[in-house]
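Notes for the structure review
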Amino acid sequence: MKRSLEWLRSRWVDAAGRMLAGQGMPARASIPATAPTVARSSTPTTPRRIAVEGSEQGWLRLLPADELLACVNADKAMQDMWRQSRLAQSVWQRDLLPAIHSYAEMVQLMPASEAHHHAHVGGLLAHTLEMLLAAMTWRNGHFLPEGAPIEQIDAERDEWTYVVFFSALLHDIAKPMTDLRVTWRTPGATERTRWNPIGGPMTRIEQGRAAEYLVEFAPKSTRDYGAHSRLAVTLLGQIAPATAVTFLARRPQTLEALTRFLSGTKDGLVASIVGRADQASTQRALLHGSRARFTTSNAIPLIDLLMNAVKAMLRAGTALPLNRSGAAGWVHDGCMWFVAKRLADGVRNWIKDHAPEEAVPGEAKNDRLFDTWQEYGCIEVNPHSGQAIWYVTVQCQAQDTAGQQEAAATHQDTAATGYSHSLTMLRFPLAKLYDDPSQYPQAMAGRIVVREKRKDEAGDAAPEDGAGHLSVHA
């Protein structure tokens, strides 16, 4: 727990700026003439030390908003948010800054997930502030509402800035309600009380009394992973100042857009902006963030389940046949190219057989597996689409050595037989699958040709599916 907090203090302060720079956006906006003066010392300042540990291991102290924000070094990020909002300072301090404070007191130092991104102490607050800055920055590159005349866009600029702000701020606000089990107590007490976010922040419940809380996780069998996105609207009144809601209510279209988003309807430009910010923060955390987790977490990270399954199947030798017609994968150009659906189905079945207690996304959610491999940098991304899937043609003019031996044993054609498969594939660098280069399998005797589109999208009548189109050349 201490290691997690130390990492949080030392690493988050510039994370949002680096994330924006990595997305091709300016890390800082131009400071308007009305911006307040921020004192800058020529010598490093000592970080504020805040005691967060409770009376027992795993327990955390309830903290006020200013101390919570200090834990994640949020001052610079919030200054940048204000600049990006382009609101008067008095308006920012009346409607948006208090919302950030209320949000911080609501989520305290809870995690954003049990074993995925931002699973460390303070992860939910850090993730939300990071993506909130990104969303506020990217909002300035779009005209809202979509398709409206320029006069309306200009007149409603501030209202739509509020919509983006509160959509981003509250996108995960219901996670403590759906995914976590949080209990609180006063120090030294033996009884603890279950907290329900509908009742407001725990700091309000225990006003004026020192209290601590324990974060545990809902059993996987009871979780609805989409529930938090539908329930966020129930907590809007706990976070948004009345003046902000009243301001949005002047134009019903804006308040309706916000409540639709917070009720789980994720369509339109606002959802696109917030989703992009969420994805950027998540990807950065998975690639470069802390792997620390709460002591009460029992889940095995999905990426570990997936990668362990792939490696075990490769070691087994027959679960994922390679480098032959009808194979699950081919080795080419320093990478393992797997048929996407076949790998996802095979990995899912392997986990069900060898770790039946672990939850894996169902057959209709192969994209969830693809996204996980991509988010953790385990696969190479298709530069044409920015996605995990590659559209390729596997061409072989003669059987690979392993294929010749197998074909001879089964009286099939050997060296004189070639084949061509049109496939949707995932591309894994061999170094992600094998610890030692000496273990790398032999490369295929042929080549893999990358296409920008599926064959049917490119106007080719040849079918393409998980098994691929087979064309055998004599």
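To continue, consider the overall build of the protein. The helix and strand inventory of the protein stands at 20 helices and 10 strands. Counting only residues that meet the buried cut, the protein has 50% of its 474 residues in that class. Contacts in the protein between residues at least 24 apart in sequence constitute 74% of all its contacts with a sequence separation of at least 6. Total accessible area computed for the protein in this model is approximately 21,800 Å², and 49% of it derives from carbon and sulfur atoms.

This brings us to the pattern of salt bridges. Taken as a whole and judged by the stated rule, the model has 15 salt bridges. A salt bridge links Glu 159 to Arg 250, with the nearest nitrogen and oxygen atoms 3.0 Å apart. Pair noted here: Glu 159 is in helix H8 (residues 157–169) and Arg 250 is in the loop between helix H13 (242–249) and helix H14 (252–262), with a separation of 91 residues, a long-range link. We classify Arg 250 as exposed; its relative accessible area is 54%. For Lys 175, the salt bridge identified is with Asp 172, shortest N-O distance 3.8 Å. There is no split in this pair, since Lys 175 and Asp 172 are both buried. Look at the salt bridges and you will find they share partners, linking Glu 156, Glu 159, Arg 250 and Arg 251 into a network.

This part takes up the environment of Val 450. In this fold, Val 450 is placed in strand E9 (residues 447–451). The exposure class assigned to Val 450 is partly exposed, which follows from its relative accessible area of 35%. Residues Val 450 and Val 394, spaced 56 residues apart in sequence, show a C-alpha to C-alpha distance of 8.8 Å.

Turning next to the pairing of strand E8 (residues 418–429). Of all 12 residues that make up E8, 12 are buried, and the element is covered over most of its length. Side chains Gly 418, Ser 420, Ser 422, Thr 424, Leu 426 and Phe 428 of E8 all project onto a buried face; the interleaved residues Tyr 419, His 421, Leu 423, Met 425, Arg 427 and Pro 429 project onto the opposite face, where all are buried too. In this structure, strand E7 (residues 390–396) lies alongside E8, joined through seven bridges in antiparallel fashion. The residue of E8 that forms the bridge with Tyr 391 is Thr 424.

Here we take up the sheet that holds strand E1 (residues 59–61). Ordered in space as E1-E4-E2-E3, the four strands form an open sheet in which the pairing is antiparallel. Each edge of the open sheet is held by one strand with a lone partner, namely E1 and strand E3 (193–194). Summarising the sheet, strand E2 (residues 180–185) and E3 pair through two bridges and their orientation is antiparallel. Among the inter-strand pairings, Trp 184 is bridged to a residue of E3, identified as Thr 193.

Turning our attention to the packing of aromatic side chains. For any pair of aromatic rings, the description consists of the separation of the ring centres together with the inter-plane angle of the planes. Counted under the stated rule, the structure contains nine aromatic pairs. An angle of 75° between the planes, with centres 5.4 Å apart, marks the rings of Trp 337 and Trp 390 as edge-to-face. Of the two residues, Trp 337 is situated in strand E6 (residues 335–339) and Trp 390 in strand E7; the sequence distance between them amounts to 53 residues. Both residues of the pair, Trp 337 and Trp 390, belong to the buried class. Judged by centre distance (5.4 Å) and plane angle (80°), the ring pair of Trp 373 and Phe 428 falls under edge-to-face. Placement of the pair is Trp 373 in helix H18 (residues 366–375) and Phe 428 in strand E8, with a sequence separation of 55 residues. For the pair Trp 373 and Phe 428, one class covers both residues: buried. In textbook terms, an aromatic cluster arises when at least three aromatic residues are bridged by ring pairs, as seen for Trp 92, Tyr 162, Phe 165, Phe 166 and Phe 247. The ring of Trp 138 carries the charged tip of Arg 276 above its face, separated from the ring centre by 3.9 Å.

Our next topic: the packing of H8 against H13. How two helices pack is summed up by the angle between their axes together with the distance between the axes. Between H8 and H13, the least distance of the axes is 10 Å, while the angle of their chain directions is 125°. Judged on the interaxial angle alone, H13 and H8 are oblique. Between H8 and H13 lies a crossing whose hand is left-handed. On H13, the residues touching Asp 158, Glu 159, Tyr 162, Val 163 and Phe 166 of H8 are Ala 244, Phe 247 and Leu 248. For the contact of H8 with H13, a count of residues per class yields six nonpolar, no polar and two charged.

With 80% of its residues at a pLDDT of 70 or more, the protein has an overall mean of 83. For the protein, strand E10 (residues 469–473) is the element with the lowest average pLDDT, namely 32, and H8 is the one with the highest, namely 98. Scored below 50 in pLDDT, residues 407–416 makes 13 contacts in the model with residues more than four places away or belonging to other chains. Residue range residues 458–474 is modelled with pLDDT below 50. Its contacts to residues more than four positions away, or to other chains, number 38 contacts.

Further remarks concern the side chain of Glu 358. Counting through the fold element by element, Glu 358 comes out in the loop between helix H17 (340–354) and H18. Under the relative-accessibility criterion, Glu 358 is labelled buried at 14%. Discounting chain neighbours no more than four positions away, the residues touching Glu 358 are Lys 220, Ile 300, Leu 305 and Ile 351.

Counting 79 residues, the largest nonpolar core has Phe 165, Phe 166 and Tyr 213 as its most contacted members. Broken down by element, the residue count for this core peaks at 11 residues, all from helix H6 (residues 123–139). Once residues within four sequence positions are removed from consideration, Tyr 213 is found in contact with Gly 58, Trp 59, Leu 60, Arg 61, Leu 62, Gln 108, Leu 109, Met 110, Val 182, Thr 183, Trp 184 and Met 202. In this structure, Phe 338, Ala 340, Ile 351 and Leu 430 belong to the second largest nonpolar core, which totals 37 residues.

The next subject is the packing of H6 against helix H15 (residues 268–288). Look at H6 against H15: their axes get within 8 Å of each other, and the N-to-C directions meet at 135°. With respect to H15, the element H6 is oriented oblique. As H6 runs across H15, the sense of the crossing is right-handed. Every residue of H15 that contacts H6 at His 127, Glu 130, Met 131, Ala 134, Ala 135, Trp 138 and Arg 139 is listed here: Ile 273, Val 274, Arg 276, Ala 277, Asp 278, Ala 280, Ser 281 and Thr 282. Class assignment for the residues of the contact of H6 with H15 results in eight nonpolar, three polar and four charged.

Cut-offs used in this document
Residues numbered from 1 in each chain as written. Predicted model: local features only at pLDDT ≥ 70, side-chain atom pairs only at ≥ 80, totals over all residues. Heavy atoms only, no water. Helix = DSSP H or I, 4+ residues; strand = E, 2+ residues; numbered from the N terminus. Buried < 20%, exposed > 50% of the residue type's maximum accessible area, 1.4 Å probe, protein only. Contact = heavy atoms within 4.5 Å. Areas by Shrake-Rupley, 256 points an atom, 1.4 Å probe, with all protein chains shown as cover. Salt bridge = Lys/Arg side-chain N within 4 Å of Asp/Glu carboxyl O. Pairing = 2+ DSSP bridges. Phe/Tyr/Trp six-rings, centres within 6.5 Å; stacked < 30°, edge-to-face > 60°. Lys NZ or Arg CZ within 6 Å of the ring centre and 35° of its normal. Axes fitted to C-alpha atoms, helices over the stretch in contact; angles between N-to-C directions. Parallel < 35°, antiparallel > 145°, perpendicular 65-115°, else oblique. Left-handed = near helix turned anticlockwise from the far one by under 90°. Nonpolar A, V, L, I, M, F, W, Y, C, P; charged D, E, K, R; others polar. pLDDT = per-residue confidence, 0-100. Core = buried A, V, L, I, M, F, W, Y, C linked by side-chain atoms within 4.5 Å.

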